[in-house]
Amino acid sequence: MPIDLNEHLKKKRQNTQETQKDSKKDESSGGGNWNNWNKGGGDSNNFTNFVPSGRKLVFWVILLGILIILITQKPFVIINSGEVGIKVKTGEYQPTPLQPGLHFFIPFLQEILVVDTKVRTINFSRTEDMGAIGKNQGIFRNDAISVLDSRNLTVSIELTVQYQLNDLTAPLAIATYGTSWEQKIVNPVVRDVVRSVIGRYPAEELPTRRDEVAKEIAQNMEAEINKFKNNPVTLTSVQLREIVLPEKVKAQIEQVQVARQEAERVRYEVDRAKQEAEKVAALAKGEADANRVRAQGVADSITIEAKAQAQANRLISESLSQRLLELRQIEVQGKFNEALKENKDAQIFLTPGGSVPNIWVDSKAKRQSSAVSQ
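Calculation rules
- Residues numbered from 1 in each chain as written.
- Predicted model: local features only at pLDDT ≥ 70, side-chain atom pairs only at ≥ 80, totals over all residues.
- Heavy atoms only, no water.
- Helix = DSSP H or I, 4+ residues; strand = E, 2+ residues; numbered from the N terminus.
- Buried < 20%, exposed > 50% of the residue type's maximum accessible area, 1.4 Å probe, protein only.
- Contact = heavy atoms within 4.5 Å.
- Areas by Shrake-Rupley, 256 points an atom, 1.4 Å probe, with all protein chains shown as cover.
- Salt bridge = Lys/Arg side-chain N within 4 Å of Asp/Glu carboxyl O.
- Pairing = 2+ DSSP bridges.
- Axes fitted to C-alpha atoms, helices over the stretch in contact; angles between N-to-C directions.
- Core = buried A, V, L, I, M, F, W, Y, C linked by side-chain atoms within 4.5 Å.
- Patch = residues over 30% accessible without salt bridge, like charges linked within 9 Å, V, L, I, M, F, W, Y side chains within 5 Å.
- Expected span 1.5 Å × (residues − 1).
- Polar contact = N/O pair within 3.5 Å; in protein donor to acceptor, adjacent residues only side chain to side chain.
- Parallel < 35°, antiparallel > 145°, perpendicular 65-115°, else oblique.
- Left-handed = near helix turned anticlockwise from the far one by under 90°.
- Nonpolar A, V, L, I, M, F, W, Y, C, P; charged D, E, K, R; others polar.
- Phe/Tyr/Trp six-rings, centres within 6.5 Å; stacked < 30°, edge-to-face > 60°.

Visitor: Could you clarify how one ought to interpret the overall build of the protein in this entry?
Guide: Looking only at helices and strands, the protein has nine helices and 13 strands in total. Counting only residues that meet the buried cut, the protein has 24% of its 374 residues in that class. Contacts in the protein between residues at least 24 apart in sequence constitute 60% of all its contacts with a sequence separation of at least 6. Carbon and sulfur atoms form 55% of the exposed surface of the protein, whose accessible area is close to 26400 Å².

This is the structure in structure tokens:
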């Protein structure tokens, strides 16, 4: 049976229109399909096929918003060692600091500020001695401190100050002084203390009293830092690096040093000459003393010998007697007689009174000899 093409197209058009009407009914009364799916009337393996297109769009928008918040806001923060966290809730700083670790917060309602509590260093110097990386390492540079001495001469002071934020009172410090706390606490104290201490000394005395000045600056600075409420900052060390004096003061100090060195040299020469004179005098005195000692020794020797001789003579004189003399004379005469036997030409001289000794001379040999008999 032949197919009527027009009839076929007409039926197909009617079927298409009916399908579109059914789709509009489903969209206007989509809750029924949703409820049917919840009651098990649909395929549970394909969720999106039973969600109306409008609700699907809302669902994906919410999910995307949550993902964006998680990515951009990061409702957590990691605090490292040497840092503390300060939780800010609706603009109010919480007094208890957050210690190192992982901490969560509610975006838009809360915020966590991470502050560095490691030791920081400020170099007050005339030149840029720290590169840009220094700030990342907690090292900063400020200009050298220009102050007036006791005579209103300009002196430049270079020093290094080390300090750190007190981790226990960090929230109060940040709430009071803000994140630029060191510009409001450390810098003013350093400059005021240096100005006060240097102002009590004349410039030419600063180099010679450097240790005293450095100690006074450190002590006064620590006292001033401790005056701040809640002890926001702890001072670690203060090192006086250099004292830069005015040129005319340097010239005066150099002249004084040259004069002092010359005076020291002259004093040394005088002392040396004095020592040489004292050495010569000491040698002369020593020689004189030695001569005096030697002369005294000789005199003492002569005196002792004379005394001994006198004592001997006295003893001899006391021991002599008439009979002893006669005996000695007889002995001598006996020796004479013996001599005459050998030499008949001998001449004999007798002392007056017949005392002993006697003297004889050998006239033949023309030789004189003497003998003493005791």
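Once the structure has been displayed, the description carries forward.
Visitor: It is not clear to me how the pattern of salt bridges should be interpreted in this structure. Could you clarify?
Guide: A side chain with one charge can pair with a side chain of the opposite charge if their charged atoms come near. Within the structure shown, the criterion is met by 16 salt bridges. A salt bridge links Glu287 to Arg294; its shortest N-O distance comes to 3.6 Å. According to the relative accessible area criterion, Glu287 is partly exposed, its value standing at 45%. Residue classification places Arg294 among the partly exposed residues on the basis of a relative accessible area of 47%. In this structure, a network of salt bridges that share partners links the residues Arg126, Glu158 and Glu242.

Visitor: Would you mind going over the sheet that holds strand S2 (residues 83-89) with me for this structure?
Guide: Two modes of strand pairing occur in sheets, parallel and antiparallel, and in both the strands are linked by backbone hydrogen bonds. Across the sheet, three strands lie side by side as S3-S2-S5; this open sheet has antiparallel pairing. The two strands at the open ends of the sheet, each matched to only one other strand, are strand S3 (92-93) and strand S5 (110-116). Pairing of S2 with S5 involves seven bridges; the strand directions are antiparallel. When the bridges of S5 are listed, Ile86 appears paired with Leu113. Packing against the sheet, helix H5 (residues 170-177) makes contact with S2, S3 and S5, and its axis sits at approximately 60° to S2.

Visitor: Looking at this structure, how should I read the nonpolar core?
Guide: Within soluble globular proteins, side chains that are nonpolar tend to cluster in buried spots. Judged by nonpolar contacts, the single largest core of 43 residues is most densely connected at Leu159, Val161 and Met221. Sort the elements by how many residues they give to this core and helix H6 (residues 181-198) lands first, with nine residues. Apart from residues lying up to four places away in sequence, Val161 is in contact with Arg120, Thr121, Ile122, Phe124, Val186, Val190, Met221, Leu235, Ser237 and Val238. In this structure, Val77, Ile79, Phe105 and Ile112 belong to the second largest nonpolar core, which totals five residues.

Visitor: I tried to follow a nonpolar patch on the surface on my own but got confused; where do I start?
Guide: A contiguous nonpolar patch, built from Val58, Phe59, Trp60, Ile62, Leu63, Leu64, Ile66, Leu67, Ile68, Leu70 and Ile71 and spanning about 1100 Å² of accessible area, is present on the exposed surface. Position of Ile66 relative to the elements: it lies in helix H3 (residues 53-73).

Visitor: Help me understand H6 in this model?
Guide: Between the first and last C-alpha of H6 there are 26 Å, a value that for 18 residues agrees with the 26 Å anticipated at 1.5 Å per step. Those residues of H6 lying buried are Trp181, Glu182, Ile185, Val186, Asn187, Val189, Val190, Val193, Val194, Val197 and Ile198.

Visitor: What am I meant to see in the environment of Asn80 here?
Guide: Structurally, Asn80 is set in the loop between strand S1 (76-79) and S2. The exposure class of Asn80 is partly exposed, given its relative accessible area of 44%. Linking Asn80 and Gly101, residues 21 residues apart in sequence, is a C-alpha distance of 6.6 Å.

Visitor: Can you help me understand the side chain of Glu158 in this one?
Guide: Within the secondary structure, Glu158 is located in strand S9 (residues 154-165). By relative accessible area, which is 6% here, Glu158 ends up buried. Among the polar contacts listed, one links the side chain of Glu158 to the side chain of Arg126, at a separation of 2.4 Å. Apart from the residues within four sequence positions on either side, Glu158 is in contact with Phe124, Ser125, Arg126, Ala144, Leu240, Arg241, Glu242 and Val244.

Visitor: I'm lost on the packing of H6 against helix H7 (residues 210-226) in this one. Help?
Guide: Think of two packed helices as two axes; the pair is described by the angle between the axes and how far apart they sit. Look at H6 against H7: their axes get within 9 Å of each other, and the N-to-C directions meet at 140°. With respect to H7, the element H6 is oriented oblique. As H6 packs across H7, the resulting crossing turns out to be right-handed. Of the residues in H7, those touching H6 at Ile185, Val189, Val190, Val193, Val194, Val197 and Ile198 are Val213, Glu216, Ile217, Asn220, Met221, Glu224 and Ile225. Here the contact of H6 with H7 is composed, by residue class, of eleven nonpolar, one polar and two charged.

Visitor: I keep staring at the environment of Asn187 and nothing clicks. Help me out?
Guide: Within the element layout of this structure, Asn187 appears in helix H6. Sequence separation between Asn187 and Ile122 is 65 residues; the distance between their C-alpha atoms is 8.9 Å. What Asn187 contacts, discounting residues up to four positions off in sequence, is Ile122, Phe124, Asn142 and Glu182.

Visitor: Hey, could you run me through the packing of aromatic side chains in this one?
Guide: The description of two aromatic rings rests on the distance between their centres and on the angle between their planes. Applying the stated rule across the entire model yields four aromatic pairs. Plain terms: the ring middles of Phe76 and Phe104 are 6.1 Å apart, the flat faces sit at 55° to each other, and that makes the pair tilted. Highlighted residues: Phe76 in strand S1 and Phe104 in strand S4 (residues 101-104), separated in sequence by 28 residues. Arranged with centres 6.0 Å apart and planes meeting at 85°, the rings of Tyr163 and Trp181 form a pair that is edge-to-face. Here Trp181 lies in helix H6 and Tyr163 lies in strand S9, a separation of 18 residues in the sequence. Considered together, Tyr163 and Trp181 belong to a single accessibility category, that of buried residues.

It is worth stressing that arrangement in space is one thing and function is another; only the former is reported here.
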